[in-house]
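Structural description and commentary
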Amino acid sequence: MRKRFNALPGFGLTMGITLFFLSGIVLFPLVGLVIRTLELSWTDLWHLATTDRALAAYRLTFGASFAAAVANAVFGTMLAWVLVRYDFPGRRVIDAMVDFPFALPTAVAGLTLANLFAANGWLGRFLVPLGFKGAYTPLGVGIALTFVGMPFVVRTLQPVLENLEREVEEAAATLGAGRLRTFVGVIAPSLLPAILTGFALAFARAIGEYGSIVFISGNLPYKTEIAPYLIVMRLEAYDYTGAIALAVVLLMFSFVLLAAINLLEQWAAAFQN
Amino acid sequence: MRQPVRKELNASRRPSQRGTQESPFARRLLIALALAFCLVFLLLPLANVFAQALAQGWSCCRDSVTHPDSLAAIRLTLLVAGITVPLNVVFGLAAAWAIAKFNFPGKSILITVIDLPFSVSPVVAGLMFVVLFGLQGFFGQWLDAHDMKIIFAVPGIVLATLFVTFPFVARELIPAMQALGTEHEQAALTLGANGWQTFWHVSLPSVKWALIYGVILCNARAMGEFGAVSVVSGHIIGHTETMPLRVQALYEGGTAASSAAAFTVASLLASLALVTLVLKTFLEWRQAREYERAQQISG
């Protein structure tokens, strides 16, 4: 292949600016954290990262994030389907509102959700007597994480649903399949890669979430304390190494998820063609 | 007479649709469930912010916004956004130009690294800067000796905000510039324009909507960031407290009045989110219309 002639100027300048910012803002801090981690011995790191309190925090963080991502996969799929396939009053407003959790500062989200589900809140006054305690409980953590991750599944699924060929469904119908069977056998498999991508994105976002949880969880050690909150607690006690140990666990997990998301997106793209 | 006719019309229409549409009952059920989900997770939380802000009356609302500490928080938030957003624009334009207009090895790695801050927990992001510039950090002693403060001061807040908002502008601009190719720029250069003229008059106008889109999202995140800023700020009232941190401090005050004040400051942030959403929707609508028009012309 002939090397394409490119007369555009500015590669050196723009690449320089890009690498300067990238190194200063992202790589330099990241390398600093890695160096501090390598200075610790493996046994110290292991002990600091696996104290009982830390293990309880991981369990809540990963468990609640997983539950929230599942809730988002179910309701997000439904919401995307309704928004793409049906016409009803207020559809466009709802469609625009789906991005609201991205635009709303997480502190505000946590504040208002905690108030909403508290015993005297708009929803809490009906739900708490029924035993559904949505504030200052692990359930509250799940609710806040569901809110924060809500747009991911909807927004990854919407374009896939819009491009879905109706002919396939018609063919299935012609061959005698009922609507439910068409959905399960024909539509769902082609949506699966997008749903899984959205699920993984919501899951990854939930693992690192801090702002909204601080308000709604109550932050009780061993009970409603998430891993990012424990990092902040250790930092406030000037326990840098303890904070770094937890941060490394979270970082490793995020990078594994990032790799998984990239693979999923490639799979989804291959699936589309 | 009219009734049976309509019935017959419906009867003839229904079988042809049954194959690719759900029964009306299933459809209504799905719409109802989706709306209920949106009600609980979108509309009620939003309405609640404003309702709780007004719970103690208008005057309380006004007093909590005009309180010196709140005003300081608003000023700091505007200052931080005023620094980080322009820097992100410079970075975003440079990165998009280098990545979209040129081919070089390692391009996909570069894009992945630019997106990296999205997958790092904000708290961990803040921790990274504490590790670098905190008193026990790499440069802590040196900064202290030279009487400079980054952590528990405004520079730390700016750095942490830069980290979490880093990908926003670049990731909107890169695909927009990539889609346009380089023909227009090549033409401008052939006609005698220099590099800057080409950039200002050809490249920038063609990606301006993508740029504005990125700026709006970047600004919303810069003003609303909590986790990363909370770690580096030190929560010094009146000095290093941004609006989201002010919300937390007021909320932890515990009284009904301070709770209402927390919701009042929160309602300012919620209004910002609403404005962001309206602008974003408008830009998307515009983009879709332009795309349609382009399709019509080329078709």
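In this text, all values refer to a predicted model and were calculated from it rather than measured experimentally.

Each helix and strand in chain B was counted, giving 15 helices and 0 strands. Computed over C-alpha atoms, the radius of gyration of chain B comes to 26 Å, more than 25% over the 19 Å expected from 2.2 N^0.38 for 299 residues, which places it beyond the range of a compact globule. Taken along its principal axes, the extent of the C-alpha atoms in chain B is 95 × 65 × 30 Å. A burial count over chain B gives 43% of its 299 residues as buried. Looking at chain B alone, contacts between residues at least 24 apart form 75% of all its contacts between residues at least 6 apart.

For the rest of this paragraph, the subject is the overall build of chain A. If you tally the helices and strands in chain A, you get 13 helices and 0 strands. Put simply, chain A runs from its N terminus to its C terminus through helices and strands in the order α-α-α-α-α-α-α-α-α-α-α-α-α. Taken over the C-alpha atoms alone, chain A extends approximately 70 × 65 × 35 Å along its principal axes. Across the 273 residues that make up chain A, the buried fraction comes to 47%. Across chain A, the fraction of contacts at a sequence separation of at least 24, relative to all contacts at a separation of at least 6, is 77%.

The next subject is the confidence of the model for chain B. All names here are of chain B. Residues with a pLDDT of 70 or more make up 93% of chain B, whose mean pLDDT is 90. Least confident of the elements in chain B is helix α1 (residues 2–18), whose mean pLDDT is 49; most confident is helix α8 (residues 154–165), at 97. Segment residues 10–16: pLDDT under 50, and 0 contacts once partners within four positions in sequence are set aside and those in other chains are kept. Predicted complex, confidence summary: ipTM 0.91, pTM 0.91.

We now examine the packing of helix α4 (residues 68–101) of chain B against helix α12 (residues 208–224) of chain B. All names here are of chain B. Orientation of α4 relative to α12, taken along the N-to-C sense of each, is 140°, at an axis distance of 9 Å. Considering how the two elements wind past one another, α4 and α12 form a crossing that is right-handed. From α4, Thr77, Val80, Ala81, Thr84, Val85, Asn88, Val89 and Gly92 reach across to α12, where they touch Gly214, Val215, Cys218, Asn219, Ala222 and Met223. Across the contact of α4 with α12, the residue classes break down as 8 nonpolar, 6 polar and no charged.

Okay, helix α14 (residues 243–251) of chain B next. With 8 of 9 residues buried, α14(B) lies mostly within the body of the structure. When α14(B) is considered as a whole, its buried residues turn out to be B:Met243, B:Pro244, B:Leu245, B:Arg246, B:Val247, B:Gln248, B:Leu250 and B:Tyr251. Turning to α14(B), the residues buried within the fold contact α6 (106–117) and α11 (211–217) of chain A together with α4, α12, α13 (227–233) and α15 (256–298) of chain B.

Another point: unusual backbone geometry. Of note, the phi angle at A:Tyr136 is positive, near 60°, even though the residue is not glycine. Relative to the elements of secondary structure, A:Tyr136 occurs in the loop between α7 (124–127) and α8 (138–163).

In this section: the interface of chain A and chain B. Every contact between the two is made by 74 residues of chain A and, on the other side, 70 residues of chain B. Among the elements that take part in the side of chain A that touches chain B, helix α1 (residues 11–39) of chain A stands out by supplying 14 residues, more than any other. Residues that form the side of chain A that touches chain B fall into these classes: 55 nonpolar, 13 polar and 6 charged.

What follows covers the nonpolar core. Counting residues in hydrophobic clusters, the biggest one holds 170 residues, and the most contacted among them are B:Leu127 and B:Leu173. When near neighbours in sequence (up to four residues on either side) are disregarded, B:Leu127 contacts A:Ile231, A:Leu235, A:Ala243, A:Ala247 and B:Val231.

What follows deals with the environment of A:Pro9. Position of A:Pro9 among the secondary structure elements: in the segment before α1. When the C-alpha atoms of A:Pro9 and A:Leu220 are compared, they prove to be 58 Å apart, with 211 residues separating the residues in sequence.

Residues and elements named next belong to chain B. The terminal C-alpha atoms of helix α2 (residues 24–53), which comprises 30 residues, lie 41 Å apart, in line with the 44 Å expected from a rise of 1.5 Å per residue. If you look at α2, its biggest bend is around 45°, right at Leu39. What α2 keeps buried is the set Ile31, Ala34, Phe37, Cys38, Phe41, Leu42, Pro45, Leu46, Asn48, Val49, Gln52 and Ala53.

The next subject is the environment of B:Leu274. Looking at the secondary structure, you find B:Leu274 in helix α15. A C-alpha to C-alpha distance of 28 Å links B:Leu274 and B:Val124, two positions 150 residues apart in sequence.

All names here are of chain B. Structurally, the position occupied by Asp63 is in helix α3 (residues 58–66). Among the residues examined, Asp63 registers 16 C-beta atoms within 10 Å and is labelled partly exposed. Distance from Asp63 to Ser258, taken between C-alpha atoms, is 11 Å for residues 195 residues apart in sequence.

How each quantity is defined
- Residues numbered from 1 in each chain as written.
- Chains lettered and ligands numbered in written order.
- Predicted model: local features only at pLDDT ≥ 70, side-chain atom pairs only at ≥ 80, totals over all residues.
- Helix = DSSP H or I, 4+ residues; strand = E, 2+ residues; numbered from the N terminus.
- Rg over C-alpha atoms; globule rule 2.2 N^0.38 Å.
- Buried ≥ 20, exposed ≤ 12 C-beta atoms within 10 Å, placed from the backbone.
- Contact = placed C-beta atoms within 7 Å.
- pLDDT = per-residue confidence, 0-100.
- Axes fitted to C-alpha atoms, helices over the stretch in contact; angles between N-to-C directions.
- Left-handed = near helix turned anticlockwise from the far one by under 90°.
- Nonpolar A, V, L, I, M, F, W, Y, C, P; charged D, E, K, R; others polar.
- Core = buried A, V, L, I, M, F, W, Y, C linked by C-beta atoms within 7 Å.
- Expected span 1.5 Å × (residues − 1).
- Bend = angle between axes of the 7 residues up to and from the residue.

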